[in-house]
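# Chain and residue survey
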Amino acid sequence: QLQVVESGGGLVRPGDSLRLSCLASGFAVDDYAIGWFRQTPGKGREGVTCIQVDGTPDYLQAVYGRFTTSRDTAKNTVYLEMNDLKPEDSGVYYCAADRKHSFCTSNMDYWGKGTEVTVSS
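Before going into details, it helps to say that this report is about the structure given with it. Please read these numbers as outputs of a predicted model, since none were measured by experiment. (Residues numbered from 1 in each chain as written. Predicted model: local features only at pLDDT ≥ 70, side-chain atom pairs only at ≥ 80, totals over all residues. Heavy atoms only, no water.)

### Quick notes on the pattern of salt bridges
Put simply, the rule is: When a carboxyl oxygen of Asp or Glu is within 4 Å of a side-chain nitrogen of Lys or Arg, the pair counts as a salt bridge. What counts as a helix is a DSSP run of H or I of at least four residues, what counts as a strand is a run of E of at least two, and both are numbered from the N terminus. Accessible area is worked out with a 1.4 Å probe on protein chains only. A residue is then buried under 20% of its type maximum, exposed over 50%, and partly exposed in between.
Using the criterion set out here, one finds 6 salt bridges in the structure. The closest approach of N and O atoms between D89 and R66, which form a salt bridge, is 2.8 Å. Separated by 23 residues along the polypeptide, D89 in the loop between β8 (77–82) and β9 (91–98) and R66 in the loop between β6 (57–59) and β7 (67–72) bring together distant segments of the chain. What makes R66 buried here is its relative accessible area of 10%. In this structure, D84 engages K86 in a salt bridge whose closest nitrogen and oxygen atoms are separated by 3.6 Å. A relative accessible area of 29% places K86 in the partly exposed class. Through salt bridges with shared partners, one network takes in R38, E46, R66 and D89.

### Side note on the sheet that holds strand β3 (residues 18–25)
To keep things clear, this is the line we draw: The pairing criterion for strands is at least two bridges between them, as found by DSSP. Comment: axis = line fitted to C-alpha atoms, over the contacting stretch for helices; angle = value between 0 and 180 degrees taken between N-to-C directions.
Within the open sheet, the 4 strands sit side by side as β1-β3-β8-β7. Their pairing is antiparallel. Each end of this open sheet is capped by a strand with a single partner; those strands are β1 (3–7) and β7. The average angle at which neighbouring strand axes cross in this sheet is 15 degrees, direction not considered.

### Quick word on the nonpolar core
The condition that has to hold: To form a nonpolar core, buried Ala, Val, Leu, Ile, Met, Phe, Trp, Tyr and Cys residues must be joined to one another through side-chain atoms within 4.5 Å.
In terms of nonpolar packing, the biggest core is built from 24 residues, with L20, I34, W36, F67, M82 and Y93 touching the most fellow members. For this core, the secondary-structure elements that each account for two or more residues are β3, β4 (33–40), β5 (44–51), β8, β9 and β11 (115–119). For this core, the element with the highest residue contribution is β3, accounting for 4 residues. The next biggest cluster of nonpolar side chains, apart from the first, holds 6 residues, and it includes F37, C50, A96 and C104.

### Observations concerning the packing of aromatic side chains
Put simply, the rule is: Stacked, edge-to-face and tilted labels apply to pairs of Phe, Tyr and Trp rings (six-membered ring for Trp) whose centres lie within 6.5 Å, assigned for plane angles under 30 degrees, over 60, and everything in between, in that order. Only Lys NZ and Arg CZ are tested; either one counts as a charge over a ring when it is within 6 Å of the ring centre and within 35 degrees of the ring normal.
Scanning the model with the defined rule gives 4 aromatic pairs in all. Aromatic ring contacts, followed pair by pair, group F37, Y94 and W111 into a single cluster. Geometry around Y94 places R45 over its ring, the cationic atom sitting 5.0 Å from the centre. In this structure, R45 is placed above the aromatic ring of W111, and the distance from its NZ or CZ to the ring centre is 4.4 Å.

Given below as structure tokens:
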């Protein structure tokens, strides 16, 4: 029974930072590619970050340099550290895991229910 549960969303002001957590159960985070996706009315769903099975991170160009994804195998948790948040970063953030590939795709197998991030002044 594989499951990922996101937490850490909230309402913040532009320029603030926020850390999202993705707690995995039923599998080890270093055995799966785990990505963060966000969904907004204007852009739909887009991939934000991915941490590959080997630990290599991938980033959406729009967040490169501001966001960092990492994993803690002891806690079986993947994190998304978001810095210098902008209003366009607002949306529902989903954690997703997949074992079909060593990297993230748009068709991940297991999805969390999402955590909402709102960046507004």
